[in-house]
Amino acid sequence: MTLDSKIPSGPLKDKWEKYKFEMKLVNAANKRKYKAIVVGTGLAGASAAASLAELGYVVEAFTYNDSPRRAHSIAAQGGINAAKNYPNDGDSIWRLFYDTIKGGDFRAREANVYRLAQVSNNIIDQCVAQGVPFAREYGGLLDNRSFGGAQVSRTFYARGQTGQQLLLGAYSALSRAIGKKQVTMHVRKEMLDLAIIDGKARGIVTRDLVNGKIESFWADAVILATGGYGNVFFLSTNAQACNVTASYRAYKKGALFANPCFTQIHPTCIPLSGEHQSKLTLMSESLRNDGRIWVPKNKGDKRRPNEIPEEDRDYYLERKYPSYGNLAPRDISSRSAKEVCDEGRGVSATGFGVYLDFADSIKRLGKKVIEERYGNLFEMYERIVGEDPYTTPMMIYPASHYAMGGLWVDYNLMSTIPGLHVLGEANFSDHGANRLGASALMQGLADGYFVIPYTIGDYFAKNKFDKVTTDHPEFKKVEAEVVEKTNKLLSIKGKKTPTMFHRELGKVMWEYCGMGRNEAGLKKALELVPKIREEFWQNLTITGEGNDLNISLEKAGRVADFLEFAEVLLWDALERDESCGAHFREEHQYPDGEAKRDDEHFAHVAAWEYTGVGKKPNRHTEPLVFENVQLAVRSYK
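Structure report, in brief. (Residues numbered from 1 in each chain as written. Predicted model: local features only at pLDDT ≥ 70, side-chain atom pairs only at ≥ 80, totals over all residues. Heavy atoms only, no water.)

## Comments concerning the overall build of the protein chain
1) Next: Looking only at helices and strands, one finds 16 helices and 19 strands in the protein chain.
2) Next: Taking 26 Å as the expected radius of gyration for a compact globule of 637 residues, we find that the protein chain reaches 24 Å, a close match to that expectation.
3) Next: For the C-alpha atoms alone, the extent of the protein chain along its principal axes is close to 75 × 60 × 50 Å.
4) Next: Burial statistics for the protein chain: of 637 residues in total, 61% are counted as buried.
5) Next: Here the contacts in the protein chain between residues at least 6 apart in sequence split such that 74% fall between residues at least 24 apart.
6) Next: Just so you have it, the protein chain exposes about 24000 Å², and 49% of that area is on carbon and sulfur atoms. (Helix = DSSP H or I, 4+ residues; strand = E, 2+ residues; numbered from the N terminus. Rg over C-alpha atoms; globule rule 2.2 N^0.38 Å. Buried < 20%, exposed > 50% of the residue type's maximum accessible area, 1.4 Å probe, protein only. Contact = heavy atoms within 4.5 Å. Areas by Shrake-Rupley, 256 points an atom, 1.4 Å probe, with all protein chains shown as cover.)

## Structural notes on the pattern of salt bridges
1) Next: Per the stated rule, a full pass over the model turns up 57 salt bridges.
2) Next: Counted as one network, the salt bridges with shared partners bring together D105, R107, R576, E578, R597 and D599. (Salt bridge = Lys/Arg side-chain N within 4 Å of Asp/Glu carboxyl O.)

## Side note on the environment of L194
1) Next: Its place among the elements puts L194 in strand β6 (residues 189-197).
2) Next: Overall, L194 belongs to the buried group, its relative accessible area being 0%.
3) Next: Through-space distance from the C-alpha of L194 to that of Y251 is 9.7 Å; in sequence the pair is 57 residues apart.
4) Next: Other than its neighbours up to four places away in sequence, L194 contacts A201, G203, I204, V222, A250, K253, I417, L420 and V478.

## As for the nonpolar core
1) Next: I80, L194 and M509 are the most contacted members of the largest nonpolar core, which totals 145 residues.
2) Next: The dominant element in this core, judged by the number of residues it contributes, is helix α15 (residues 551-575), at 14 residues.
3) Next: Ranked by size, the runner-up nonpolar core spans 36 residues in total, among them I265, M283, V347 and V354. (Core = buried A, V, L, I, M, F, W, Y, C linked by side-chain atoms within 4.5 Å.)

## Overview of the packing of aromatic side chains
1) Next: A full pass over the atoms with the stated rule returns 36 aromatic pairs.
2) Next: Note on Y229 and F565: the rings are 4.7 Å apart at their centroids and 65° apart in plane angle, and the pair reads as edge-to-face. Of this pair, Y229 sits in the loop between β9 (221-224) and α6 (245-252) while F565 sits in helix α15, and the two are 336 residues apart along the sequence. Each member of the pair, Y229 as well as F565, is classed as buried.
3) Next: Ring centres 5.2 Å apart and planes at 85° place the aromatic pair F536 and W537 in the edge-to-face group. (Phe/Tyr/Trp six-rings, centres within 6.5 Å; stacked < 30°, edge-to-face > 60°.)

## Focus on the pairing of β9
1) Next: Along β9, one buried face is formed by A221 and I223 and the opposite face, lined by V222 and L224, is buried too.
2) Next: Pairing of strand β1 (residues 35-39) with β9 involves four bridges; the strand directions are parallel. Counted as the bridge partner of A36 is A221 from β9.
3) Next: Note that β9 and strand β17 (residues 420-422) share three bridges and pair parallel. Across the sheet, I223 pairs through a bridge with H421, a residue of β17. (Pairing = 2+ DSSP bridges.)

## Quick notes on the sheet that holds strand β8 (residues 214-218)
1) Next: The antiparallel open sheet is built from three strands, whose spatial order is β6-β7-β8. The open sheet terminates on both sides in strands that have one partner only, identified here as β6 and β8. The average angle at which neighbouring strand axes cross in this sheet is 30°, direction not considered.
2) Next: By the bridge criterion, eight bridges tie β6 to strand β7 (residues 200-208) in an arrangement that is antiparallel. Bridge assignment links D193 to a residue of β7, and that residue is V205. (Axes fitted to C-alpha atoms, helices over the stretch in contact; angles between N-to-C directions.)

## Observations concerning unusual backbone geometry
1) Next: The phi angle at K6 is positive, at roughly 55°, despite the residue not being glycine.
2) Next: On the basis of relative accessible area, K6 is assigned to the partly exposed category, the value being 36%.
3) Next: For R159, which is not a glycine, the phi torsion comes out positive at approximately 50°.
4) Next: Among the secondary structure elements, R159 is positioned in the loop between β4 (155-156) and α5 (162-179).

## Re the sheet that holds strand β16 (residues 406-407)
1) Next: Overall, antiparallel pairing links the four strands, which are arranged β16-β10-β18-β19 in an open sheet. In this open sheet, the two strands that pair with only one neighbour each are β16 and β19 (618-623).
2) Next: The pairing of strand β10 (residues 257-258) with β16 spans two bridges and is antiparallel. Within β16, the position partnered with F257 by the bridge is L407.
3) Next: Running over the sheet, α15 touches β10, β18 (604-609) and β19 and is turned about 145° from β18.

## Digging into the packing of helix α2 (residues 43-55) against helix α11 (residues 440-462)
1) Next: The N-to-C vectors of α2 and α11 enclose an angle of 30°; their axes lie 8 Å apart at closest approach. Here α2 lies roughly parallel to α11, going by the angle between them. Handedness of the α2/α11 crossing: right-handed. Every residue of α11 that contacts α2 at L43, A44, S47, A48, S51, L52 and L55 is listed here: L441, G444, L445, G448, Y449, I452, P453 and I456. (Parallel < 35°, antiparallel > 145°, perpendicular 65-115°, else oblique. Left-handed = near helix turned anticlockwise from the far one by under 90°.)

## Digging into the side chain of S47
1) Next: As for its placement among the helices and strands, S47 is situated in helix α2.
2) Next: Within polar-contact distance, the side chain of S47 engages the backbone oxygen of L43 at 2.6 Å. (Polar contact = N/O pair within 3.5 Å; in protein donor to acceptor, adjacent residues only side chain to side chain.)

## Description of α15
1) Next: Taking 1.5 Å per residue, 25 residues should reach 36 Å; α15 reaches 36 Å between its end C-alpha atoms and fits that length.
2) Next: Among the 25 residues of α15, 22 are classified as buried, and the element is accordingly described as predominantly covered.
3) Next: The N-terminus of α15 is capped by N550, whose side-chain oxygen sits 3.2 Å from the backbone nitrogen of S552. (Expected span 1.5 Å × (residues − 1).)

## Thoughts on helix α3 (residues 93-103)
1) Next: Turning to α3, its buried residues number three or more, namely L96, F97, D99, T100, I101, K102 and G103.
2) Next: For α3, the secondary structure elements touched by its buried residues are β3 (80-81), α4 (110-130) and α11.
3) Next: A positive backbone phi angle near 55° is found at D105, which sits one or two residues after α3.

## Digging into the environment of N231
1) Next: Note on placement: N231 falls in the loop between β9 and α6.
2) Next: A C-alpha to C-alpha distance of 7.7 Å links N231 and S400, two positions 169 residues apart in sequence.
3) Next: The residues contacting N231, other than those within four sequence positions of it, are S236, N238, A239, Q240, C242, H502 and F562.
4) Next: A distance of 2.5 Å separates a polar atom in the side chain of N231 from a polar atom in the side chain of S236.
5) Next: Side-chain polar atoms of N231 contact the backbone oxygen of A239, separated by 2.8 Å.

Below, the structure written as structure tokens:
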């Protein structure tokens with residue numbers, strides 16, 4: 001299979017503008033003849049649905065939540081990047097592009113990343129026009145702060161609730177379209193499969209999570225904006241409902257899955273306190289602007305943090321990465337935390353934690369300034385941990401957070417299934433092997449507001465669509481398959497809950513495919529995961545019925561997909577025999593412990609093709625060509 005990325009010709013800075021002119025258009029009066037389904041109503045989905053509706057297309061939007069406002073995008077805290085250079089500290093579109101390419105360890109497409117940097121400024125203007133209350137500095141201009149992997153301040157923020165405010169902006173635009181009957185909104189409906197007719201994505205099959213009804217919906221194109229798969233590790237910063245089902249079911253229908261092993265570990269999370277926990281809590285990376293990270297210099301030092309004098313503290317990020325210090329990129333910061341904890345210098349009851357200390361910043365800036373910047377985050381920490389971070393350093397530790405991998409898409413954001421477009425975290429396109437902080441919100445809104453409205457029009461204009469209804473045999477076939485799988489889950493009558501299997505899978509994935517990976521561990525995981533999956537289909541218990549609100553059934557379906565998808569992730573990690581970004585193969589590192597890439601053999605996207613449950617999928621590659629940046633050892637020292 002040849003993967004055609006459809007990257008336009010010409011100079012990098014001109015590609016997107018040139019491409020927009022060359023794309024075919026749909027006449028304004030004809031847009032109402034085309035219908036698009038948007039699955040997911042987070043930042044990418046809500047912005048796409050609102051934008052397409054405003055253009056005149058017929059849109060149906062779906063969420064498994066009771067409102068689009070419940071999308072996990074609301075949990076993003078720290079900010080959104082853009083290259084406006086308000087602080088006048090040397091930022092530019094080119095620098096944002098380069099920082100993103102370098103941050104991803106040179107494993108992303110130049111053209112996609114440059115387009116992202118180009119439209120970033122438009123996003124801020126759009127959101128301000130919607131009333132998003134970004135922080136402002138004393139002169140009234142929008143304020144900026146720094147994030148990891150950058151030496152400029154380009155991150156726009158609204159205290160520690162930026163994702164919430166941006167989502168409310170997109171939600172207001174979506175609500176306006178719903179009110180004008182331009183968008184039909186379906187809540188509490190989960191996509192369980194994709195319908196492909198004449199080789200094109202023409203609709204979806206859903207389960208109503210309130211009454212259990214299986215339904216079909218047709219369209220001329222389907223857009224997946226369903227987020228990432230970080231919950232494959234069980235414990236993560238993701239909401240518990242976040243899952244891989246929509247993407248994985250599309251993968252089973254022919255959409256290639258790209259770079260699934262590129263999963264991000266966030267360095268700034270509240271440490272695990274015990275086996276009872278079902279998720280972890282994110283503390284925004286923005287805290288690293290003013291917090292200093294350290295551990296005791298001496299192994300086994302169990303004194304309270306305020307009792308440990310300066311000479312007995314190791315500010316290890318400042319020591320190892322003097323140019324970036326506490327704002328080193330997430331993958332590097334996470335591995336560094338793991339190293340000091342593995343040495344026996346970790347804090348917290350479990351020994352898996354490091355301190356994030358604000359004493360110096362409070363002394364320098366005053367408590368009021370810190371409170372204005374991070375007050376809601378400090379309050380959240382105190383409620384969970386029971387300690388006041390204004391007087392006692394926070395404890396943090398890395399946790400599974402974001403998925404850089406996702407369904408493969410071309411420059412148009414279309415997967416290998418014609419008509420199936422994939423936006424935001426659900427696709428693989430912009431972050432390479434490691435996402436820089438504050439770039440997820442940027443990508444989701446770029447895809448929804450400024451890319452898909454152009455590229456989907458080109459798809460509609462270039463293709464003919466026979467009239468299809470949900471009476472088509474393909475819809476009936478897919479519905480029957482969904483019903484059969486649901487009944488199979490309900491019929492097992494075993495003794496272990498879906499959460500038990502999910503926790504078991506997560507432990508295997510974290511142990512053998514977490515912050516550090518090696519050949520022996522990955523092969524071990526590939527032996528263990530099929531055994532967990534086999535027991536799942538023999539010993540699962542689900543209470544309740546299928547034709548009712550049944551959270552246990554919802555969870556079981558998602559865990560079933562995780563148990564299959566985990567093998568794809570493991571195969572990808574095993575076959576990528578190099579270290580790059582968040583994918584750290586312990587066999588490939590420099591003497592100082594930094595990741596060692598293999599550009600000769602792995603400067604490509606790996607895209608996997610489904611061949612059956614339990615079978616090794618076929619691996620296809622898309623070469624990454626770097627014409628504008630020079631491949632270099634990624635250094636933040």
